[in-house]
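A closer look at the structure
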Amino acid sequence: MEILQIVGIGLIATFLTLVLKEHQPVVAFLLVIFVGASIFIFLIGKIQQVIETLEKIAANAHLNMVYVETILKIVGVAYIAEFGVQIARDAGQGALASKLELAGKVLILVMAIPIITAIIQAVLGLMPR
């Protein structure tokens, strides 16, 4: 039932933001950032559980942990970038949000190079010469 708590906090923050936005737009924006960060921090424990479970599954499957860690880092970059993009959009900074989105995509691509290389090598190894 944690989702009910999160959604409840989000809805209360939304209502307060709408009320505050008319008279105190800076306070309204800070409230959005604070609540968003609080939700993100609340979810860190859940994210840790997922990471530990995936690492156990990978170890049992005898997968190379470098690839699993890389994929987890990529997912982390994607979530963090999306969080930053949404904050920038909430602040009315669409151009900055687009740049943050681009930066996240480029970093993901750079981090994925070892995995892409391994896949290409595996496919080439399956092809007859």
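Now for a look at the structure at hand. Every chain's residues receive numbers from 1 upward, in the order its sequence appears when written. Two thresholds apply to this predicted model, a pLDDT of at least 70 for residue-level local features and 80 or more for giving and counting side-chain atom pairs, whereas whole-chain, interface and lining totals are computed over all residues. For the side-chain quantities, the full set of heavy atoms in the structure was used; hydrogens and water were omitted.

**Details of unusual backbone geometry**
One non-glycine residue, His-62, lies in the positive phi region at around 60°. Runs of H or I in DSSP of at least four residues are treated as helices and runs of E of at least two as strands, each being numbered from the N terminus. With respect to the helices and strands, His-62 occurs in the loop between α2 (25-60) and α3 (65-90). Classification of residues uses two cut-offs on accessible area relative to the type maximum, computed with a 1.4 Å probe and protein chains only: under 20% is buried, over 50% is exposed, and between them is partly exposed. Relative accessible area serves as the criterion here: at 71%, His-62 is assigned to the exposed category.

**Regarding the pattern of salt bridges**
Pairing between side chains of opposite charge can happen when their charged atoms approach one another. Salt bridge, as used here, is a side-chain nitrogen of Lys or Arg placed within 4 Å of a carboxyl oxygen of Asp or Glu. A complete count under the given rule lists two salt bridges for this structure. One salt bridge connects Glu-2 with Lys-46, and the closest N-O pair in it is separated by 3.2 Å. Of this pair, Glu-2 sits in helix α1 (residues 2-23) while Lys-46 sits in helix α2, and the two are 44 residues apart along the sequence. Judged by its relative accessible area of 33%, Lys-46 falls in the partly exposed class. With a shortest N-O distance of 3.6 Å, Glu-101 and Arg-89 are connected by a salt bridge. Of this pair, Glu-101 sits in helix α4 (residues 94-126) while Arg-89 sits in helix α3; the two residues are twelve residues apart in sequence, bridging distant segments of the chain. Its relative accessible area of 29% is what places Glu-101 among the partly exposed residues.

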